[in-house]
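The primary structure of each chain is shown beneath.
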Amino acid sequence: MSQPQQPTPNSKPTTQLRPRAARGLFQHQRRQYGQSALGAPLLYFPAEVRDEHTGMVLAGTHGDEVAAVVTLSCALRSLEAGQLRHHVVLAVNPDGCQLGTRSNARGVDLNRNFATSNWKADGTVYRWNSAAEERDVYLSTGDSAGSEPESAALCHLIGELRPAWLVSIHEPLACVDDPLQSPLGHWLAERIELPLVADPGYTTPGSFGTWCAEQGYPCITLEYPPISADVASEEYLEAMIELLCYTP
């Protein structure tokens, strides 16, 4: 598979923003690309202005990481119609977001379920919260690689849209994880004042980032610090708006 072209973002693109009073509802078209384990619609917002640099921004892979979902939603709702230059998935894992769980409704960590060469069947562990000293909470990695409807549908969507790059937003590691150390990674790290790293410091078998690398898609994992949705939607809103509508 050929490597998609990677863009270099402008520092501050020109955008048309909606008045704050009008940001309660979306102005942008949304489409369904699948169903969750509980039957919830898997939704994405297609880019309204597309070219060879169009990317994709995702959040909500883990249902207990709400600051990323809320902030990305606020950024999208701040844009006037016709401004969105990149595809958006607000909640990769809508069941987990509704239930408040890291996993999907079947107890699977979706970020360890993607069909990669290093997927492992023996489960995974994570920290209960950012203050916990060890990873001791167990989750399944699925019956097989790519077994979950959410991960399978997302891979199918990406195969159809073929974005030039992807940014997957998580929390709470407070870094920009970019294996390619790309211009976009440097821009994000500088813009939101987080360190740029080449790996998270631990193995991630079956992760979305690994799947993207094996498929030839440049992928950056943006990790917010442990921060409330209220604070994140103020501190990172402008940067997320810029991410959604910049041109190279």
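All residue numbers refer to positions counted from 1 along the written sequence of the respective chain. Local features in this predicted model are restricted to residues whose pLDDT is 70 or higher, and side-chain atom pairs enter the listing and the counts only when it is 80 or higher, whereas totals over whole chains, interfaces and linings include all residues. As a convention, hydrogens and water are excluded, and side-chain values are obtained from all of the structure's heavy atoms.

Q: Looking at this structure, how should I read the overall build of the chain?
A: Put simply, DSSP marks the helices as runs of H or I at least four residues long and the strands as runs of E at least two long, and each gets a number from the N terminus on. Scanning the chain for helices and strands turns up 7 helices and 10 strands. The quantity called the radius of gyration is restricted to C-alpha atoms. Its globule counterpart is 2.2 Å times the number of residues to the power 0.38. The C-alpha atoms of the chain give a radius of gyration of 17 Å, which matches the 18 Å a tight globule of 248 residues would have. Each of the three principal axes of the chain carries a C-alpha extent, and together these read 50 × 40 × 35 Å. Note on classification: 1.4 Å probe, protein chains only; a residue is buried when its accessible area is under 20% of the maximum for its type, exposed when over 50%, partly exposed between these limits. Per-residue burial for the chain yields a buried fraction of 52% across its 248 residues. Looking at the chain as shown, the accessible area adds up to about 10900 Å², and 48% of this sits on carbon and sulfur atoms. For the chain, the separation between the mean place of its 17 positive charges and that of its 29 negative charges on side chains is 7 Å. A 1.4 Å probe and the Shrake-Rupley method give the accessible areas. Residues count as covered only by the protein chains that appear here. A residue counts as positive if it is Lys or Arg and as negative if it is Asp or Glu; His and the chain ends are not included. For this purpose, a charge sits on NZ of Lys, CZ of Arg, CG of Asp or CD of Glu.

Q: Is there a simple way to explain the nonpolar core in this structure?
A: When a protein is soluble and globular, its nonpolar side chains tend to lie buried together. Of all hydrophobic cores here, the largest spans 39 residues; its most connected members are Val167, Ile169, Leu222, Tyr224, Met240, Leu243 and Leu244. Of all the secondary structure elements, the ones that give two or more residues to this core are helix H1 (66–78), strand E7 (166–170), helix H4 (183–192), strand E10 (219–223) and helix H7 (237–245). Beyond its immediate sequence surroundings of up to four residues, Tyr224 is in contact with Ala67, Ala68, Thr71, Ile169, His170, Glu171, Pro172, Leu173, Ala174, Ala232, Tyr236 and Met240. Core analysis: the next-biggest nonpolar cluster, separate from the first, contains 20 residues, Leu58, Leu110, Phe114 and Trp211 among them. What we call a nonpolar core is a set of buried Ala, Val, Leu, Ile, Met, Phe, Trp, Tyr and Cys residues that are connected through their side-chain atoms within 4.5 Å. Whether two residues are in contact is decided by their heavy atoms: any pair within 4.5 Å suffices.

Q: It is not clear to me how H1 should be interpreted in this structure. Could you clarify?
A: What sets the pattern is the α-helix's 3.6 residues per turn: residues three or four places apart point alike. Take the number of residues in a helix, subtract one, and multiply by 1.5 Å to get its expected span. Between its first and last C-alpha atoms H1 spans 18 Å; for 13 residues at 1.5 Å apiece the expected length is 18 Å, and the two agree. The element H1 is extensively covered by neighbouring structure, given that 11 of its 13 residues are classed as buried. As for H1, its buried residues are in contact with strand E3 (56–58), strand E4 (87–89), helix H2 (94–99), E7, helix H6 (229–235) and H7.

Q: Looking at this structure, I do not really get helix H3 (residues 149–161). What am I missing?
A: Helix length check: H3, at 13 residues, gives a terminal C-alpha distance of 18 Å against a target of 18 Å (1.5 Å per residue), a fit within 8%. If you check which residues of H3 are buried, you get Glu150, Ser151, Ala153, Leu154, Cys155, Leu157 and Ile158. Looking at the residues trailing H3, positive phi occurs at Arg162, about 50°.

Q: Please explain the environment of Asp178 as it appears in this structure.
A: Turning to its location among the elements, Asp178 is positioned in the loop between strand E8 (175–177) and H4. Along the primary structure Asp178 and Leu110 are separated by 68 residues, whereas in three dimensions their C-alpha atoms are 20 Å apart. Once you skip the residues sitting within four places of it in the chain, Asp178 turns out to touch Gly185, Leu196, Val197, Ala198, Cys219 and Ile220. Polar contacts here mean pairs of N or O atoms no more than 3.5 Å apart (in protein, one a potential hydrogen donor and the other a potential acceptor; neighbouring residues in sequence count only if both atoms are side-chain atoms). Reaching out from Asp178, the side chain makes a polar contact with the side chain of Ser182 at a distance of 2.6 Å.

Q: Is there a simple way to think about the packing of H4 against H7 in this case?
A: Note on definitions: angles span 0 to 180 degrees between N-to-C directions of axes, and those axes are lines fitted to C-alpha atoms, for helices only across the stretch in contact. For the pair H4 and H7, interaxial distance at closest approach is 10 Å and the crossing angle is 160°. Between H4 and H7, the angle falls in the class roughly antiparallel. Two packed elements cross with a definite hand, and for H4 against H7 that hand is right-handed. Only Glu238, Ala239, Glu242 and Leu243 of H7 make contact with H4, whose side of the interface consists of Leu184, Trp187, Leu188, Arg191 and Ile192. Three classes are used, and their members are as follows: Ala, Val, Leu, Ile, Met, Phe, Trp, Tyr, Cys and Pro are nonpolar, Asp, Glu, Lys and Arg are charged, and the others, Gly among them, are polar. Considering only residue class, the contact of H4 with H7 consists of 6 nonpolar, no polar and 3 charged. Oblique is the label for any angle not under 35 degrees, not over 145, and not in the 65 to 115 range, which are roughly parallel, roughly antiparallel and roughly perpendicular in turn. Helix crossings are classified by the rotation of the near helix relative to the far one: an anticlockwise turn of less than a right angle makes the crossing left-handed, while a clockwise turn makes it right-handed.

Q: How should the pairing of E7 be read in this particular structure?
A: Regular strands show a simple pattern: their side chains alternate between the two faces of the sheet. For E7, the buried fraction is high: 5 of the 5 residues fall into the buried class. Along E7, one buried face is formed by Leu166, Ser168 and His170 and the opposite face, lined by Val167 and Ile169, is buried too. Any two strands with at least two DSSP bridges between them are considered paired. Note that E3 and E7 share 3 bridges and pair parallel. Bridge assignment links Val57 to a residue of E7, and that residue is Val167. Relative to E10, E7 is paired through 5 bridges, and the arrangement is parallel. Of the residues in E10, the one forming a bridge with Val167 is Ile220.

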